[in-house]
Structures are given as C-alpha cells and as structure tokens.
Amino acid sequence: MASASKITLEESTVGVSGQIQGSLWDAMTRQGVPPEMIIRFAELFSWRLDFLTEPRKGDTYKLIWKRNHGNGAIRDTDIICASYISHEKGEFFAYPLAGEYFDTDGNSLKGEFLRAPLVYRRISSYFTEHRFHPILRIYRPHHGIDYAAPAGTPASSIADGIVIAKDWGGGLGNELRVRHAGSYVSIYGHLRGYARGIHIGSHVKQGQVIGYVGSTGLSTGPHLHFGFERDGQLINFFSLKMKNSRRSIPPAERQHFEQIKQSDGALLAQLAQPGAPLQVLSANPTHP
C-alpha cells in the first residue's frame, strides 16, 4: 500500500558566470544551466535585450538562483540576481524587490514594449521601402518585420492593450491588431490561429499569448509578420527608442533596495571565472 511522506529539501544558492561565443543558449547549456533557467534569464532582460539578435562574442553574464534538493530531487526556484555585460548595449543588472526586478538605478526592468513578440529562429525580412516579394515577384515596400519560426510557435502581445481587429487581412492571412497606450498599434499576421478567448475588445497583457505562427495569406512558409503603427502610420519597430515606463523604487524603499544591491553584489563577485560549471556559493542571500 502506497503512503505519502514529506521530503525534506535543503536550499542552496547556485550561480554561473559565462562569456558568449555563439549564443546565450549554447554558452549556458555547456555550463549545465537548466533550460528553464536560461529562458527565465532571457525573459528577465527581455525588455532591454533581444537575445537572438543582439548578443555579441565576448559579452559576459552572471546568474544566481535558489535551488532546493533532497532525496534525489532538484527544484530550481527564484532568481536572486543577474547581470549581462554587452559590448554594444552596456551593462544590465537585475535585483529583486517585492516580486519585481530593478536595475542598478532602481528602475523596473519592465519596459514599454517587449523587444520581440516571440521566440524565433531568424529575421527573414526587415522593414524596407524596396523588397522583392517572393510570391508576387515584384518589388514593393515591406513595412514590417518577418520573424521565421516553426508553425505553432506562440506569439505574444508586446504590451498591454486591447484587441481591435481579428480577421482575414488579405495578404497577411489571419491577422490580429492590438491598440496600446500612446496611439500605438501592433499587428500580427500570417497566424495559424488565435489563442483561446481572444476576440475584438479583449484586454491583453504584455507577454500574453494571443496567436500562433502560421503561413496563411501570401506566405511561402511559417513566419510571423509583425507590423507597428504610431498615429496610424506604419513605422520601423527597430527604430523606436524604447523607454522604461514602469515604476521606480519609491523613496521609502530606497535604503532597503541599496542593502539588497550590496548583498547581491557580494554574491555576484564570487563568480569570478567565466565558463566554469555551476558553482555553489558559500553564502546564502540574506536580503534585509
């Protein structure tokens, strides 16, 4: 007869420091970082960096998180702190406070728009005024960005908003349009289908799955056509200067946050050898 029993888990603090040679995924995988933690690290900085196009050889990163283990089971939990040093973009740090992560200056890492609406393999077409259409066989403007990805890949809203269109968009096939604050509209085309519950008038959150990559309309293969409007005019999303529109550390919490930075900074300093396997740190985080 089977019986249930509690397993006593021990908590440890593990971390990794590495350097980009090819991709973030390859570098972290070689060091034994679990796939879930790689994804969570990328999501942490997803408002500041696109980890499929912007990392460069020589960029460095650090990640520290909590791990519970016992009776042969391992469970990775909260990210304690993290950093990414980019040769082109600068330095990025993540420190936690009240369930959110903030940069060194105390600004939330969450930004106005996600850097990309999905996880993709490559960009197959950029925003341009002169592009040869593979089906129509003519040159014409391409006012959007095509993200090549397998059929069925989830596509997410880049910001909070309201669905204002869900229909057949001609050459764009199954299409969704989401209106955001500040007279912005994001456009998602060639979708195979829509997420459950998505309809005109739906309120969607930043990062919420709204549809799935397909090849409907004038398309030679599965990809997401992503368009972006400001005041009714299609613009190049990559040219938009991203801004941080989320909250900053309130003055009453500033001293507490500075103590967290000091504590977590000491942990990051223990990760001195980029490329080494996972390291169990000698100190557990004691956030004041």
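Look a little higher up for the structure.
Residues numbered from 1 in each chain as written. Predicted model: local features only at pLDDT ≥ 70, side-chain atom pairs only at ≥ 80, totals over all residues. Heavy atoms only, no water.

Participant: Can you walk me through the pattern of salt bridges in this structure?
Facilitator: Pairing between side chains of opposite charge can happen when their charged atoms approach one another. Evaluated as defined, the whole model comprises nine salt bridges. Between Arg67 and Asp76 there is a salt bridge whose closest N-O contact spans 2.6 Å. With a closest N to O distance of 3.3 Å, Glu229 and Arg177 form a salt bridge. In this pair, Glu229 sits in strand S16 (residues 223-230) while Arg177 sits in strand S12 (residues 174-180), placing the two residues 52 residues apart along the sequence. Residue classification places Arg177 among the partly exposed positions, given a relative accessible area of 24%. A cluster of three or more residues bridged by salt bridges with shared partners is formed by Glu175, Arg177 and Glu229. (Salt bridge = Lys/Arg side-chain N within 4 Å of Asp/Glu carboxyl O. Helix = DSSP H or I, 4+ residues; strand = E, 2+ residues; numbered from the N terminus. Buried < 20%, exposed > 50% of the residue type's maximum accessible area, 1.4 Å probe, protein only.)

Participant: Even after reading the chapter, I still don't get the side chain of His190, so can you show me in this structure?
Facilitator: Mapped onto the fold, His190 is located in strand S13 (residues 184-194). Side-chain polar atoms of His190 contact the backbone oxygen of Thr216, separated by 2.6 Å. Once residues within four sequence positions are removed from consideration, His190 is found in contact with Gly171, Leu172, Gly173, Asn174, Val213, Gly214, Ser215, Thr216, Leu218, Ser219, His223 and His225. (Polar contact = N/O pair within 3.5 Å; in protein donor to acceptor, adjacent residues only side chain to side chain. Contact = heavy atoms within 4.5 Å.)

Participant: Looking at this structure, how should I read the packing of aromatic side chains?
Facilitator: The geometry of an aromatic ring pair comes down to the distance between the two centres and the angle between the two planes. Applying the stated criterion to the full structure yields 14 aromatic pairs. Between Tyr184 and Phe228 the ring centres are 5.3 Å apart and the planes differ by 25°, which places this aromatic pair in the stacked class. Residue Tyr184 is found in strand S13, and its partner Phe228 is found in strand S16; the two are separated by 44 residues along the sequence. Both residues of the pair, Tyr184 and Phe228, belong to the buried class. Taken together, the aromatic side chains of Phe113, Tyr147, Tyr184, Tyr188, Phe226, Phe228 and Phe237 make up a single cluster linked through ring pairs. (Phe/Tyr/Trp six-rings, centres within 6.5 Å; stacked < 30°, edge-to-face > 60°.)

Participant: Sorry if this is basic, but what is going on with the pairing of strand S4 (residues 90-97) here?
Facilitator: In summary, the side chains of a regular strand alternate between the two faces of the sheet. Burial analysis of S4 places six of its eight residues in the buried class, the great majority of the element. Here five bridges tie strand S3 (residues 73-86) to S4, and the two strands are oriented antiparallel to one another. From the neighbouring strand, Tyr84 faces S4, where its bridge partner is Phe92. Hairpin connection from S3 to S4: three residues lie between these consecutive antiparallel strands. The antiparallel pairing of S4 with strand S5 (residues 100-102) creates a hairpin that spans two residues between the two strands, and Ala98 there sits at a positive phi of about 55°. (Pairing = 2+ DSSP bridges.)

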